[in-house]
Amino acid sequence: MRRKIFAVLQILVILITKSTCCNEPTPASAPAPALAPTNDLAPANRPNSANGPAPTAIIPADKYPTPRRDESVEDTYPGCTKIKDPYRWMENLNSTETKEFIKQENDLSKDYLGKSPFRTELLARYKELRDYPSVWGPFQVGKYFFTFRNTGSQTQYVIYKSNSVNDVGTVFFDLNTLSNDDSLIMDYYAFTNDGEIFAYLVTNSESDGTASEVSFKNTGNGEVLNEKLVNVTSSSISWSLDKKGIFYIVTAGKGKDPEDPSDDPQKLYYHFMGTTQCKDIVVAEFPDHPEYSM
């Protein structure tokens with residue numbers, strides 16, 4: 001029995017060696033037809049000693065940034081077991097130290113990946129695979145039907161409105177037209193119960209999410225209302241049932257750690273439509289528990 005197993009292993013070794021030497025994939029490892037590489041990435045065109053060296057396979061360990069260890073941080077679990085957590089400071093993504101560490105790692109990665117001879121071809125292939133139309137929905141609010149549609153190349157989905165679930169409808173809201181550099185993101189939106197007013201919260205992708213804006217649009221005629229809420233925290237917005245106003249959240253200053261937004265105190269406001277924002281009412285706040293998030 002052992003001789004048979006040894007003989008089988010010898011055959012496998014010979015087959016693997018032959019496949020490696022000939023630089024030909026075995027049928028089991030060959031890519032599926034739908035994912036077959038383009039001619040630019042075919043084995044004959046891959047970098048070798050004749051047409052340029054391939055990038056170094058491994059980044060030397062001494063090139064990586066060295067994170068600080070904080071041995072004073074530890075947790076005690078049932079059974080009096082103490083577990084140290086020396087890198088907990090990294091959980092605060094807004095601290096200067098964490099941002100600098102992430103930047104150093106990104107710089108290292110970008111420098112390495114930027115030298116890859118496959119980068120241009122892979123990026124083109126990735127964009128090709130991502131470039132397909134997609135639809136989310138439909139959903140109904142009041143008498144209207146809405147769908148989110150993307151041609152494939154658009155940064156943000158476009159909202160379409162129709163009067164029937166079977167109709168594609170027309171463009172109702174297109175965030176792509178509001179920014180030339182694709183820096184705006186619609187984080188949240190809310191319709192009144194009858195669907196007649198559309199509120200949308202827009203945030204700059206490079207901001208900390210505490211200076212978002214809420215705008216309003218008439219669903220029937222598509223008119224943008226002359227009313228706007230500023231310095232709103234990127235969080236859920238919700239209409240009152242009588243559609244006279246809307247609830248939103250504001251980050252009221254900084255907590256104990258200026259670089260940690262998790263303990264920044266928040267306030268829940270209510271805005272009456274047709275009034276100025278300075279008259280909005282504070283509905284809820286927890287000054288004794290700034291860690292509460294609404």
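Keep in mind it's a predicted model, so treat the numbers as computed, not measured.

### Considerations on the packing of aromatic side chains
- Applying the stated criterion across every chain yields a total of 21 aromatic pairs.
- When the centroid spacing of 5.6 Å and the interplanar angle of 15° are considered together, the rings of Y248 and Y269 count as stacked. Here Y248, found in strand 12 (residues 245-251), pairs with Y269, found in strand 13 (residues 266-272); they are 21 residues apart in sequence, far enough to count as distant.
- Assessed through its relative accessible area of 2%, Y248 is described here as buried.
- According to the relative accessible area criterion, Y269 is buried, its value standing at 18%.
- Taken together, the aromatic side chains of W136, F139, Y144, F146, F148, F172, F173, Y189, F191, F198 and Y200 make up a single cluster linked through ring pairs.
- Across from the ring centre of Y160, 5.8 Å away, lies the NZ or CZ of R149, which sits over that ring.

### Considerations on the sheet that holds strand 9 (residues 212-218)
- Pairing is antiparallel across the open sheet formed by 4 strands, whose spatial order is 7-8-9-10. Every interior strand has two partners, whereas the edge strands, strand 7 (184-191) and strand 10 (224-232), have only one. On average, each strand axis in the sheet is tilted by 25° relative to the strand beside it, whichever way the strands run.
- Where strand 9 lies against strand 10, 4 bridges are found, and the strand directions are antiparallel. Counterpart to S212 in the pairing with strand 10 is V232.

### What to know about the pairing of strand 9
- Of all 7 residues in strand 9, 5 are buried; the element is thus mostly enclosed.
- Where strand 8 (residues 197-204) lies against strand 9, 6 bridges are found, and the strand directions are antiparallel. Of the residues in strand 9, the one forming a bridge with V202 is E213.

Here is what the cut-offs are and how they apply
- Residues numbered from 1 in each chain as written.
- Predicted model: local features only at pLDDT ≥ 70, side-chain atom pairs only at ≥ 80, totals over all residues.
- Heavy atoms only, no water.
- Phe/Tyr/Trp six-rings, centres within 6.5 Å; stacked < 30°, edge-to-face > 60°.
- Helix = DSSP H or I, 4+ residues; strand = E, 2+ residues; numbered from the N terminus.
- Buried < 20%, exposed > 50% of the residue type's maximum accessible area, 1.4 Å probe, protein only.
- Lys NZ or Arg CZ within 6 Å of the ring centre and 35° of its normal.
- Pairing = 2+ DSSP bridges.
- Axes fitted to C-alpha atoms, helices over the stretch in contact; angles between N-to-C directions.

Keep in mind these numbers describe shape, not what the thing actually does.
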